[in-house]
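Structural characterization, general
Below are the chains, spelled out letter by letter.
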Amino acid sequence: MVRLTGVFRAMLGSALPPGVRLEPAQPTCTEPQFVYHPSYRWYTVDGSIRRADGDSGFFQLRVFPTGTDEAMAELCSGGPDELSCESKDYPDGATAVVRVNEFMADGRQLWALLSRPDGTSVQIMTNNLHHEVIGNQVETTLTADEPLLTLDQLVTIARTPGLTLYP
């Protein structure tokens, strides 16, 4: 956790657009950090991505072992809210699948999964939505016109050297 957190924090300054910051989900933390979830075998950073003008969105990054039965091609099988899905291979042997989902008018979730040749997967997601549970209903509101990061920026973050389980 400590190594992954160090790599992640070092990368943030150059990966985020000017004026955009990541606020950690843990209320007692001032900087984002990884948390390990042993039942799922993944390391996660959760938070809110914010811009000075008040726009915001959810942010999540997971690092975990690639499943032996995981088929990257099947990740673009299509769903009712899917706007696009693409797969790209990189010279280092990594493969990324990127997807855009729409949940309401102008409400977008951007998602990327990077599979590294060393057996590490990095999943990253952001959106421009806020979900609030009210009674037994979920109210969803827009937090920005568009997500504050692009698919290319998500893949760049996921490809950060050192965000791997097997350094």
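Each chain has its residues counted from 1, following the order in which its sequence is written. Confidence filtering applies because this is a predicted model: local features only for residues at pLDDT of at least 70, side-chain atom pairs given and counted only at 80 or more, and all residues used for totals across whole chains, interfaces and linings. Side-chain metrics in this entry use all non-hydrogen atoms of the structure; hydrogen atoms and water are not considered.

**Side note on helix α2 (residues 151–158)**
Categorising residues by exposure relies on relative accessible area from a 1.4 Å probe, with only protein chains included: less than 20% of the type maximum marks a residue as buried, more than 50% marks it as exposed, and the intermediate range marks it as partly exposed. Helical segments are the DSSP runs of H or I of at least four residues, strand segments are the runs of E of at least two, and each set is numbered from the N terminus. Of the positions making up α2, those classed as buried are Leu 151, Leu 154, Val 155, Ile 157 and Ala 158. In a view along the axis of α2, the buried residues occupy a sector of 160°, so they form one face of it. Along α2, exposed side chains directed more than 90 degrees from the buried face belong to Asp 152 and Thr 156. It only takes one pair of heavy atoms within 4.5 Å for two residues to be counted as in contact. Of the surrounding secondary structure, the elements contacted by the buried residues of α2 are α1 (2–15), β4 (56–65), β6 (95–104), β7 (107–115) and β8 (120–127). Directions from the helix axis toward the C-beta atoms define the arc.

**A few points about the pattern of salt bridges**
By definition here, a salt bridge exists when the distance from a side-chain nitrogen of Lys or Arg to a carboxyl oxygen of Asp or Glu is within 4 Å. This structure, assessed with the given rule, holds 6 salt bridges. Counted as one network, the salt bridges with shared partners bring together Arg 21, Glu 23 and Arg 50.

**With respect to the pairing of strand β10 (residues 137–142)**
The rule for pairing is simple: two strands pair if DSSP sees at least two bridges between them. Strand direction decides the pairing type here: strand β9 (residues 129–134) and β10, joined by 6 bridges, are antiparallel. When the sheet's bridge partners are listed, Glu 132 is paired in β10 with Glu 139. In sequence, β9 turns back onto β10 through a hairpin of 2 residues, with Gly 135 there showing a positive phi of about 65°.

**Focus on the nonpolar core**
Phe 8, Phe 34, Phe 59, Leu 61, Ile 124 and Ile 157 are the most contacted members of the largest nonpolar core, which totals 35 residues. Where this core is concerned, the elements lending two or more residues are α1, β1 (20–24), β3 (42–51), β4, β6, β7, β8 and α2. Among the elements that line this core, the one with the most residues is α1, at 6 residues. Setting aside residues up to four positions removed in sequence, Ile 157 forms contacts with Phe 8, Met 11, Ala 15, Leu 61, Ile 124, Leu 149 and Leu 163. Buried Ala, Val, Leu, Ile, Met, Phe, Trp, Tyr and Cys residues form a nonpolar core when they are joined through side-chain atoms within 4.5 Å. Residues Trp 42, Phe 64, Val 97 and Leu 113 belong to the second largest nonpolar core, which totals 6 residues.

**Points about the environment of Val 63**
Within the fold, Val 63 resides in strand β4. Using a relative accessible area of 0% as the deciding quantity, one classes Val 63 as buried. Setting aside anything within four residues of it in sequence, one finds Val 63 in contact with Phe 34, Arg 41, Trp 42, Tyr 43, Thr 120, Ser 121, Val 122, Leu 163, Thr 164 and Leu 165.

**Description of the packing of aromatic side chains**
Ring pairs are drawn from Phe, Tyr and Trp, using the six-membered ring of Trp, whenever the two centres fall within 6.5 Å, and their geometry is named by plane angle: stacked under 30 degrees, edge-to-face over 60, tilted for the rest. Within this structure, the stated rule accounts for 5 aromatic pairs. Pairing Phe 8 with Phe 34 gives two aromatic rings, centres 5.9 Å apart and planes at 80°, and the pair type is edge-to-face. Within this pair, whereas Phe 8 is found in helix α1, its partner Phe 34 is found in the loop between β1 and β2 (35–37), the two being separated by 26 residues in sequence. For Phe 34, a relative accessible area of 3% corresponds to the buried category. With a centroid separation of 6.4 Å and an interplanar angle of 65°, the aromatic rings of Trp 42 and Phe 64 are classed as edge-to-face. Of this pair, Trp 42 sits in strand β3 while Phe 64 is found in strand β4, placing the two residues 22 residues apart along the sequence. The class for Phe 64 is buried, based on a relative accessible area of 11%. Every member of this aromatic cluster is reached through a ring pair, and the members are Phe 8, Phe 34 and Phe 59. Looking at Arg 99, its charged tip hangs above the ring of Trp 111, at a distance of 4.2 Å from the centre. The criterion for a charge sitting over a ring is simple: Lys NZ or Arg CZ within 6 Å of the ring centre, and within 35 degrees of the ring normal.

What is shown is where atoms sit, not what they do.
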